[in-house]
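As a plain string of letters, each chain reads:
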Amino acid sequence: MLKAIPIAALCLCTYSVWAQEIHEVTMVDLAIPGEDYAPIWLDSGFVMVSVRESSSAIDFRDAESGKPLSDLYWVPFAKERAGQPVLFSSMLTTPVNEGPASFDRSGSTICYTRNLVLPKKLSNLKGAAAQLGLFMSSLNDGQWSEPIPFPFNSAKYGVMHPALSADGRTLIFASNMTGGAGGMDLFRSLLKDGSWSVPEPLANTLNSTANEVYPQFQPDGSLIFASDREGGKGKLDLYRTELHEGKWTRPEALPEPINGPANDHGYSSSADGRRALFASDRTGTDRIHHSVRTIPKFRECTPQQPNNYCYHFTSKPLAVTAALPLDHVWDLGDGTRINSLTVDHCYTEPGNYHVRSLLVDRRTGQTFHTLVSHELELRDHFQAFVAAPDTVRTGRSVEFHSDLSNLPGWVSSEYHWDLGDGTLTKGPSTVHQFKTAGTYEVRLDALAVVDASGTIQNKCNTKPIVVIDRFKEHEDMAVAAVYQDALGRSHEFNYQELPFDASEIRMDQLDDATFAVQLFATRERMSLDDPRFAEIKRFYPVIERFDPVTSTYIYLVGEAKSMEEMYVVYKKVKDLQFMDAEVFALEEEKLIDLSQLDLASLEELNNKKLRTNAIHFAYKSAALDSTSSPVLEQIDHLLKQHKELMLVIEAHTDAIGGTAYNVDLSQARAQTVVEQLASRGVDSERLIAVGHGKNQPIATNKTEQGRAQNRRVEFRMIVKGEEQAFQQKAR
């Protein structure tokens, strides 16, 4: 089979704007790639030709090379990520080669390349028997019909690489039949009264003495094909032409980096013209590539302006207010009325406000006279707005979002973030942790969708973020802000900016939250019998927690629901000289059952705890009992299914024996579980062993039933870099 040469085509637009725009090309990650080429958009993914190993019962191989033959595959594609390729249709799959393919606008008619002959033995697939032709099929009730051969297929020459027009009535294909300019050429056939016309070669402005292959109609009606003619960037290059007044325009090569020194072919543009798929062997073998027409990121960025709604209003004193029972009142248009000549007022949001300077009857409260009436229009600055705290702490997650951006008339299709520490990401919002203290300039670049002229607009603004060390005390910093009043005069005021804490919650959530005082956090584990805890344990039990994200041990006291109660604990802790103590909101402990593991998504597993008494050890020993194998097998399967998941393995004992003895025993037991999972192929870097001994009972230790519940192993599940991990899982 003449291999469908990989063609990369980018959605072509008005050529005059290309000088301002760029094309970002990335290889599509198909996880287990084959020799993949000739992609074409279809529904929520794309159809491609692939030479790859298949798990299907249909498994045919070339008798000489031993390689699989080419087949048509469908690949789901969303948010620039590809899913698992699957055979496009068992009805169209045969023992010989299939592909490339083309579809009409509805996707209900397919024209595709296939070997003409279906030999009894694949070893007979050579010579005239191996010739390629085109076949047609229609989709009816979810099933593709029996393929019908194109009437001009021939054993004397090849007919391949179809391009079917949107209405399904024009077919352009590649062939070495007579009448061309030399090599493989492009021919056209029209569907008239149910029959295809005799193919005619396209104009010599398109065909050349070299090879023209892989044509494909684009959503805008243009035709893109590949050719290895002279004057190109390398081997096969992509060219674009369009039909104008019945004639094809002179082909123009697509720009770099779509075309390059390698073979680039099989270009298919998205409906909006901004994205395209094509094939290229620039990495050594044919792979699918994704092209995005865009503009350089973060160009002409300017500092973000504060959307200040604060104004200074003043009026001259009037003698009449001394003579009569009248007061001067400012009605500020938002329900605020202030009895004063001079007012500083901040509105809560932009809008139109009817501001009036009034004389009000002191006895009745009614307006006596309107001195001044003014329509005050408050509008946010035209900008991409970085919504985030001014000050954050290292190691704490902070959310950045673009919801407050003011871009009237725009339909923003993309948001790109530069977080100032080398991290680049995109999306309407993002979550990030800064590792090092300092000041970082965060940049937000908003890109608008293609407008009627085919151009792309952007707006980039910046915001400085101060990052302070979470383990050091910092005084709150006074920050000066400048604003303009309604008359355009500049004013300055000061306000206090407090460090943002990722554990803080909104006031309307206080009734539902549970709090505790964190004594301190340390990378070195401490015994709960340490003298530092001796005094505090007289008043409150000390709870130890391990934070796998920061790899620190956290020691807490005084769990309570009420902030009033919390303050009493906090004051006592400070009196006992725990100077680093802070009040934190505790995350609710969410348990998951063994039966739910296999069906749970990565997001559903994150921050969940599996509690089990089904892992057994020998008496006073860390040796595992064989009855523990089923649970460990299930945990092993879970970890291999979700590579992003890490486990904190926490072992607990009952209260029989001393504190230190039980901590050591539980630590050894947790480590045994780690070693067992590591022996099954799990990376030990994903496993953390923590033994709590008898310090965290969940039942009474006065009964055997209670002690049995306390002898347990818990698996706390965490996804490190959860935002990125969840995106990868969505591919």
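What counts as what
Residues numbered from 1 in each chain as written. Predicted model: local features only at pLDDT ≥ 70, side-chain atom pairs only at ≥ 80, totals over all residues. Heavy atoms only, no water. Helix = DSSP H or I, 4+ residues; strand = E, 2+ residues; numbered from the N terminus. Contact = heavy atoms within 4.5 Å. Areas by Shrake-Rupley, 256 points an atom, 1.4 Å probe, with all protein chains shown as cover. Axes fitted to C-alpha atoms, helices over the stretch in contact; angles between N-to-C directions. Parallel < 35°, antiparallel > 145°, perpendicular 65-115°, else oblique. Left-handed = near helix turned anticlockwise from the far one by under 90°. Pairing = 2+ DSSP bridges. Buried < 20%, exposed > 50% of the residue type's maximum accessible area, 1.4 Å probe, protein only. Salt bridge = Lys/Arg side-chain N within 4 Å of Asp/Glu carboxyl O. Phe/Tyr/Trp six-rings, centres within 6.5 Å; stacked < 30°, edge-to-face > 60°. Lys NZ or Arg CZ within 6 Å of the ring centre and 35° of its normal. Core = buried A, V, L, I, M, F, W, Y, C linked by side-chain atoms within 4.5 Å. Disulfide = S-S within 2.5 Å.

Caption draft 1: Seen up close, the overall build of the protein. Scanning the protein from N- to C-terminus turns up seven helices and 50 strands. Partitioning the contacts of the protein with sequence separation of at least 6, the portion at a separation of at least 24 is 60%. With an accessible surface of roughly 36400 Å², the protein has 50% of that area assigned to carbon and sulfur atoms.

Caption draft 2: How the structure looks around the packing of helix α4 (residues 629–641) against helix α5 (residues 659–679). As a packed pair, α4 and α5 sit with axes 10 Å apart at the nearest point and diverge in direction by 60°. Comparing their axes, α5 and α4 come out oblique. Crossing angle aside, the handedness with which α4 passes α5 is right-handed. Counted together, Leu632, Ile635, Asp636 and Leu639 of α4 and Val673, Gln676 and Leu677 of α5 form the full contact between these two elements.

Caption draft 3: Region of the structure containing the sheet that holds strand β49 (residues 687–693). Spatially, β46-β47-β50-β48-β49 is the arrangement adopted by the five strands of the open sheet, whose pairing is mixed. Every other strand in the sheet has two partners, leaving β46 (590–592) and β49 as the edge strands with one partner each. Averaged over all neighbouring strand pairs, the angle between strand axes comes to 30°, with direction disregarded. Helix-sheet contacts for α4 involve β47 (608–612), β48 (645–652), β49 and β50 (712–719), and the interaxial angle to β48 is about 155°. Strand contacts of α5: β48, β49 and β50, with the helix running at about 155° to β49, the strand carrying the most contacts.

Caption draft 4: A look at the pairing of strand β28 (residues 326–331). Here β28 lies mainly inside the structure; six of its six residues are buried. Residues Leu326, His328 and Trp330 line one face of β28 and the alternating positions Asp327, Val329 and Asp331 line the opposite face, and both faces are buried. Of the strand pairs in this sheet, β28 and strand β31 (residues 351–361) are connected by six bridges, and their pairing is antiparallel. From the neighbouring strand, Asp327 faces β31, where its bridge partner is Val360. Joining the antiparallel neighbours β28 and strand β29 (residues 337–339) is a turn of five residues, in which Gly333 adopts a positive phi near 85°.

Caption draft 5: Molecular detail of the pattern of salt bridges. Scanning all chains against the criterion turns up 31 salt bridges. For Glu212, the salt bridge identified is with Arg229, shortest N-O distance 3.2 Å. With Glu212 in strand β17 (residues 212–217) and Arg229 in the loop between β18 (223–227) and β19 (237–241), this pair connects stretches of sequence that are 17 residues apart. Residues Lys537 and Asp529 are paired through a salt bridge, measuring 3.6 Å at the closest nitrogen-oxygen approach.

Caption draft 6: Fine view of the packing of aromatic side chains. What the rule picks out here adds up to 23 aromatic pairs. Pairing Phe400 with Trp417 gives two aromatic rings, centres 6.1 Å apart and planes at 55°, and the pair type is tilted. With a gap of 17 residues between them, Phe400 in strand β34 (residues 398–401) and Trp417 in strand β35 (residues 412–418) connect regions that are remote in the sequence. Like Phe400, the residue Trp417 is buried in the burial classification. For the pair Phe520 and Tyr555, a centre-to-centre distance of 5.5 Å together with 45° between the ring planes defines the contact as tilted. Linking Phe520 in strand β42 (residues 514–522) with Tyr555 in strand β44 (residues 552–560), this pair joins segments that are 35 residues apart in sequence. Here the two residues Phe520 and Tyr555 agree in accessibility, since each one is buried. Through successive ring pairs, a cluster of aromatic residues spans Phe150, Phe152, Phe173, Phe187 and Trp196. When the ring centre of Tyr73 is taken as reference, the NZ or CZ atom of Arg52 above it lies at 5.6 Å. Over the face of the ring belonging to Phe135 we find Arg114, whose NZ or CZ atom lies 3.9 Å from the ring centre.

Caption draft 7: Spatial organisation of the nonpolar core. Judged by nonpolar contacts, the single largest core of 51 residues is most densely connected at Phe88, Phe103 and Ile110. Not counting chain neighbours up to four residues away, the residues in contact with Phe103 comprise Ile40, Leu42, Val47, Phe88, Thr109, Ile110, Trp144, Leu164 and Ser165.

Caption draft 8: Representation of the state of the cysteines within the structure. Following the criterion strictly, the structure yields one disulfide and no others. At a sulfur-sulfur separation of 1.9 Å, the disulfide partner of Cys301 is Cys460. Between Cys301 and Cys460 the sulfur-sulfur dihedral comes to about 80°; the bridge is accordingly right-handed. Here Cys301, found in the loop between β25 (287–294) and β26 (302–303), pairs with Cys460, found in strand β39 (residues 458–468); they are 159 residues apart in sequence, far enough to count as distant. Note on Cys301: relative accessible area 24%, which makes it partly exposed.

Geometric descriptors of this kind do not, in isolation, establish any biological role.
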